[in-house]
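# Topology and contacts: notes
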Amino acid sequence: MEYTQLGRTGLKVSRIVLGTMNFGPQTDEADSHAIMDTALDAGVNFFDTANVYGWGENKGRTEEIIGSWLARGGGRREKVVLATKVFGNMGPDGADWPNHDRLSAVNIRRAVDASLQRLQTDHIDLYQFHHVDRTTPWDEIWQAIDVLVQQGKILYAGSSNHAGWHIAQANEAARRRGSYGLVSEQCLYNLAERRAEMEVVPAAEAYGLGVIPWSPLHGGLLGGVIRKEREGGGARAASGRSAEALANTKVREQVQAYEDLLDKHGLEPGEVALAWLLTRPGVTGPIVGPRTGEQLSSALRAVELKLTEELLTELDGIFPGPGPSPEAFAW
């Protein structure tokens, strides 16, 4: 496994991030534990979750599964960099009660304590704002975070799904307070969806944030989806984000060209999509959310895959980026 520092911090994390969103809804506790064991044995030390994972009436279930795994001991907690998120409503009895969502000081305090209890740990390494809160001022957010850092309940703060100007606004507010600010941004970023390159990635680099791409295969679109259709994958092969994208003729042509190119080189589409992200400036590591052990093994192989400059150029030809801002939209 390769490691890198998370943004401007001294924290070393694996270049593959284990996403846990499927733990509970699609992968039972025993299989989830087995996947975490395999990931840790392979050197993956960066685990990502969120308080709402489990969804619906089972919100919090994913954190509970991780907590029961950590509680098995064996140095698990000491080896893992644990990241979770706050924003979604976690009201009692599954109801959307006021002050049980977003980033008010009262909800941040309540949500941290609840996550710590579910995760069966005394601290969270990276506490991430799952979405932008347009109603809570950054001074309030940072005041709450500073208290939690002083209490030892969290070590670092990160953002998710924030625009470039939100990152700037957040870290300028932190600077005025003498706070450390955001150290990471978790955003939608992959070969087929490169808009983050316009402003989010440059802002993250300028402020020393590590970029953590989610949906690196764009919902399966970059995982050989047309090949799976041809081999009889049917609806299972193309669903959700990928099915919606493939309905667009231009996108289907791009994906076909992508799969044809990789067939020519004898490479697996999903592994190349992950390896491509590892070549991008500012990227710490993509989040992979395996439902099975084989899916995790495929992701691990991507870390060792080195893409040639020729192949990178060909990939840019199929999925061109938007270019830098403001030139991308102004010239």
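Structural notes, computed from the coordinates. Residue positions are given per chain, counting from 1 as you read along its sequence in written order. With the structure being a predicted model, the display of local features is reserved for residues of pLDDT at least 70 and the display and counting of side-chain atom pairs for 80 or more, all residues being used for whole-chain, interface and lining totals. Hydrogens are left out, water is left out, and the side-chain values use all remaining heavy atoms of the structure.

Okay, the overall build of the protein next. The number of helices and strands found in the protein is 15 helices and 10 strands. Taken against the 2.2 N^0.38 rule, which gives 20 Å for 331 residues, the C-alpha radius of gyration of the protein at 20 Å falls within 12% of a compact globule. On the principal axes, the C-alpha backbone points of the protein span a range of 55 × 50 × 35 Å. Across the 331 residues that make up the protein, the buried fraction comes to 53%. Working rule for contacts: check all heavy atoms of both residues, and any pair within 4.5 Å makes them a contact. A separation threshold of at least 6 residues defines the contact pool for the protein, and within that pool the share at least 24 residues apart is 76%. Surface accessibility follows the Shrake-Rupley procedure with a 1.4 Å probe radius. Residue values consider only the protein chains on display as shielding. Roughly 14700 Å² of accessible area belongs to the protein as shown, and the carbon and sulfur atoms make up 49% of that amount. Averaging the coordinates of the 33 positive side-chain charges in the protein and doing the same for the 43 negative ones gives two points 2 Å apart. Put simply, DSSP marks the helices as runs of H or I at least four residues long and the strands as runs of E at least two long, and each gets a number from the N terminus on. This radius of gyration counts C-alpha atoms alone. The globule rule is 2.2 Å times how many residues there are, raised to the power 0.38. The buried label applies to any residue whose accessible area, calculated with a 1.4 Å probe on protein chains only, is under 20% of its type's maximum; exposed applies above 50%, and partly exposed to all values in between. Neither His nor the chain termini are counted; the positive set is Lys and Arg, and the negative set is Asp and Glu. Where a charge lies is defined by one atom per residue type, namely NZ (Lys), CZ (Arg), CG (Asp) and CD (Glu).

Now for helix H2 (residues 61-70). The element H2 is extensively covered by neighbouring structure, given that eight of its 10 residues are classed as buried. Contacts made by the buried residues of H2 are with helix H1 (29-41), strand E4 (46-48), helix H3 (76-79), strand E5 (81-86) and helix H4 (105-119).

The next subject is the environment of alanine 330. Position of alanine 330 relative to the elements: it lies in helix H15 (residues 327-330). Once the C-alpha coordinates of alanine 330 and serine 159 are considered, the two residues, 171 residues apart in sequence, prove to be 28 Å apart.

This part covers the side chain of glutamine 128. For glutamine 128, the position within the fold is in strand E6 (residues 124-129). For glutamine 128, the contacting residues outside a window of four places in its chain are Asp48, Thr49, Ala83, Thr84, Lys85, Val86, Gly158, Ser184, Gln186 and Ile212.

Moving on, we get to helix H12 (residues 269-278). In terms of burial, H12 is largely enclosed, as 10 of its 10 residues are buried. Within H12 the residues assigned to the buried category are Pro269, Gly270, Glu271, Val272, Ala273, Leu274, Ala275, Trp276, Leu277 and Leu278.

For the rest of this paragraph, the subject is the side chain of threonine 49. As for its placement among the helices and strands, threonine 49 is situated in the loop between E4 and H2. Its relative accessible area of 0% is what places threonine 49 among the buried residues. A distance of 3.1 Å separates a polar atom in the side chain of threonine 49 from a polar atom in the side chain of threonine 20. Polar contact is defined as a pair of N or O atoms within 3.5 Å, subject to the rule that within protein one atom must be able to donate a hydrogen and the other to accept it, and that residues adjacent in sequence are counted only when both atoms are side-chain atoms.

Along any regular strand the residues' side chains alternate between the sheet's two faces. With six of seven residues buried, strand E7 (residues 154-160) lies mostly within the body of the structure. For two strands to be treated as a pair, DSSP must find no fewer than two bridges joining them. Here E6 runs beside E7; their pairing, made up of five bridges, is parallel. Within E7, the residue paired with phenylalanine 129 across the bridge is serine 159. Sheet topology places E7 next to strand E8 (residues 182-188); three bridges connect them, and they run parallel.

Bringing the packing of helix H5 (residues 138-151) against helix H6 (residues 164-177) into the picture now. At a minimum axis separation of 9 Å, H5 and H6 run at an interaxial angle of 60 degrees. The pairing of H5 with H6 is recorded here as oblique in orientation. The handedness of the crossing between H5 and H6 comes out as right-handed. Contact with H5, carried on its side by Trp138, Asp139, Trp142, Gln143 and Asp146, involves His166, Gln169, Ala170, Asn171, Ala173, Ala174 and Arg177 of H6 and no other residues of that element. The nonpolar class holds Ala, Val, Leu, Ile, Met, Phe, Trp, Tyr, Cys and Pro. Asp, Glu, Lys and Arg form the charged class, and all remaining residues, Gly among them, are polar. For the contact of H5 with H6, the residue count by class is five nonpolar, four polar and three charged. Axis definition: a line fitted to C-alpha atoms, limited for helices to the stretch in contact. Angles are taken between N-to-C directions and run from 0 to 180 degrees. Here is the rule for angles: anything less than 35 degrees is roughly parallel, anything more than 145 is roughly antiparallel, 65 through 115 is roughly perpendicular, and the remaining ranges are oblique. Helix crossings are classified by the rotation of the near helix relative to the far one: an anticlockwise turn of less than a right angle makes the crossing left-handed, while a clockwise turn makes it right-handed.

Another aspect to go through is the packing of helix H11 (residues 249-265) against helix H14 (residues 309-318). The description of two packed helices rests on the angle between their axes and on the distance between the axes. Close contact between H11 and H14 brings their axes to 10 Å; oriented N to C, the two are set at 165 degrees. Relative to H14, H11 is oriented roughly antiparallel. Along this stretch, H11 crosses H14, giving a crossing that reads as right-handed. Across the interface between the two elements, Gln254, Ala257, Tyr258, Leu261, Leu262, Lys264 and His265 from H11 touch Leu311, Glu314, Leu315 and Ile318 from H14. The residue inventory of the contact of H11 with H14, partitioned by class, reads seven nonpolar, two polar and two charged.

Buried residues dominate E8, accounting for six of its seven residues. Throughout, right-handed denotes a crossover for which the path from the first strand over the helix to the second runs clockwise when the strands point away from the viewer. Once you follow E7 into H6 and on to E8, the crossover reads as right-handed. Two strands pair when backbone bridges link them, and E8 and strand E9 (residues 210-214) are joined in this way by five bridges, in the parallel orientation. Each residue of the ladder has a partner; that of glutamate 185, found in E9, is valine 211.

Next up on the list: the nonpolar core. Here, nonpolar core refers to any group of buried Ala, Val, Leu, Ile, Met, Phe, Trp, Tyr and Cys residues whose side-chain atoms link them within 4.5 Å. Of all hydrophobic cores here, the largest spans 75 residues; its most connected members are Phe129, Trp142 and Tyr258. Sort the elements by how many residues they give to this core and H12 lands first, with seven residues. Counting residues in each nonpolar core, the second largest holds 12 residues, with Leu6, Phe46, Ile212 and Ile287 among its members.

Turning to the packing of aromatic side chains, a few remarks are in order. Paired rings are identified among Phe, Tyr and Trp, the last through its six-membered ring, by centres lying within 6.5 Å, and are further divided according to the angle between planes into stacked (under 30 degrees), edge-to-face (over 60) and tilted (the rest). Taken as a whole and judged by the stated rule, the model has seven aromatic pairs. By way of ring pairs, the aromatic residues Phe129, Trp138 and Trp142 are connected into one cluster. Criterion for a charge above a ring: Arg CZ or Lys NZ at most 6 Å from the ring centre, at most 35 degrees from the ring normal. The ring of tyrosine 180 carries the charged tip of arginine 8 above its face, separated from the ring centre by 4.4 Å.

Just to be clear on terms, a salt bridge is a Lys or Arg side-chain nitrogen sitting within 4 Å of an Asp or Glu carboxyl oxygen. Applying the stated criterion to the full structure yields 23 salt bridges. Between glutamate 172 and arginine 175 there is a salt bridge; the shortest N-O distance is 3.3 Å. Taken as a pair, glutamate 172 and arginine 175 lie in helix H6 at a separation of three residues, close to a single helical turn. Since its relative accessible area comes to 55%, arginine 175 is described here as exposed.

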